[in-house]
Amino acid sequence: MFFLSTIINPPEQFDIDLSQPIKIDSVDLVLLDWAIFEETNRYRDRLDVKRLRFNHRLQQAAKLHTKEMVELNYFSHTSPVSENRTLKRRIKSAGIRDGIAGENIAIHTLMKTQEVVFYKRVTSTQTITRYAWMDEGIEYTYKGFAVDLVNRWFYNSAHRFNILNHQFKFLGISCILTRYNEMAAFYVTQNFSSHNY
């Protein structure tokens, strides 16, 4: 069960400024979900794919999965909790019984970061490279965070497939702020579906 303050409403009910910075001590998760929703639809608009409609049931399933990943310290589409093991089970328990579905998940830092190579070894058969994230100390705006996150998803073929899938009509999103590798980061889940019941 969600309180009204944790549910975003359909786009036609909002005229929101997404240019404000995200502050760690006062993150507006509803606004962040909304920014990601809008950015996902911006990609669809650019490529002449019908916009997704917001769905509270999908948001409920996304919220369950995101919260569970944080609390049980895992990052996967497959839950270790048997009744939530698959996306199909999660959205069915939220009330969506028909159609096809897809899911995107991410861990994305609160502050803008730069990927830095900190170790590279070349052998005759392979190159081993290790990366770290260096905090640039620049705060994201709600829009900037959404742009970077959806752009990361878009350049991965499986995530892009979900974002642009013509069969998907509905979307629910959930973000939770936590710590990941000693940095403040959001776990994010997007649930897509062809049906809303």
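Refer to the preceding data block for the structure.
Small disclaimer: the values here were computed from a predicted structure and weren't measured.

A.B. asks: If you had to explain the packing of helix α1 (residues 29-46) against helix α4 (residues 142-154) to someone new, which residues and values would you point to?
C.D. replies: Close contact between α1 and α4 brings their axes to 8 Å; oriented N to C, the two are set at 50 degrees. In terms of orientation, α1 and α4 fall into the oblique class. The handedness of the crossing between α1 and α4 comes out as right-handed. Residue-level inspection shows L31, L32, A35, I36, E39, T40 and Y43 of α1 in contact with α4, the latter providing Y142, K143, F145, A146, V147, L149, V150, N151, W153 and F154. Of the residues belonging to the contact of α1 with α4, the class tally is 13 nonpolar, two polar and two charged.

A.B. asks: With reference to specific residues and values, describe the sheet that holds strand β5 (residues 170-180).
C.D. replies: Pairing between the strands of a sheet is mediated by backbone hydrogen bonds and can be parallel or antiparallel. One open sheet accounts for four strands, arranged β1-β5-β6-β2; its pairing is mixed. Looking along the sheet, the strands with just one partner apiece sit at the ends: β1 (53-54) and β2 (101-109). Pairing of β2 with strand β6 (residues 183-193), which is carried by nine bridges, proceeds in the antiparallel orientation. Its bridge partner lying in β6, N104 is registered against Q190. Against the sheet, α1 engages β1, β5 and β6, with an angle of about 130 degrees to β5. Against the sheet, helix α2 (residues 56-72) engages β1, β2, β5 and β6, with an angle of about 20 degrees to β5.

A.B. asks: Mind laying out the pairing of β5, listing which residues take part and the relevant values?
C.D. replies: Two strands pair when backbone bridges link them, and β1 and β5 are joined in this way by two bridges, in the parallel orientation. The partner of F54 across the bridge, within β5, is L171. Of the strand pairs in this sheet, β5 and β6 are connected by eleven bridges, and their pairing is antiparallel. Across the sheet, the residue bridging to G172 is N191, located in β6.

Basis of the calculations
- In this convention, every chain numbers its residues from 1, walking through the sequence in written order.
- Per-residue local features of the predicted model are confined to residues with pLDDT of at least 70, and side-chain atom pairs are confined, for both listing and counting, to 80 or more; whole-chain, interface and lining totals are unaffected and use all residues.
- Derived side-chain values reflect all non-hydrogen atoms in the structure, with water molecules and hydrogen atoms excluded from consideration.
- Helix axes are fitted to C-alpha atoms over the stretch in contact, other axes to C-alpha atoms as well, and angles between N-to-C directions run from 0 to 180 degrees.
- Under the DSSP-based scheme used, a helix requires at least four consecutive residues in state H or I and a strand at least two consecutive residues in state E, with every element numbered from the N terminus.
- In these notes the angle categories are as follows: under 35 degrees is roughly parallel, over 145 is roughly antiparallel, 65 to 115 is roughly perpendicular, and the rest is oblique.
- Here a crossing is called left-handed whenever its near helix is offset anticlockwise from the far helix by less than a right angle, and right-handed whenever the offset is clockwise.
- The contact rule is simple, with two residues in contact once any of their heavy atoms fall within 4.5 Å.
- Under this grouping Gly is polar, as are all residues other than the nonpolar Ala, Val, Leu, Ile, Met, Phe, Trp, Tyr, Cys and Pro and the charged Asp, Glu, Lys and Arg.
- Two strands are counted as paired when DSSP detects at least two bridges linking them.

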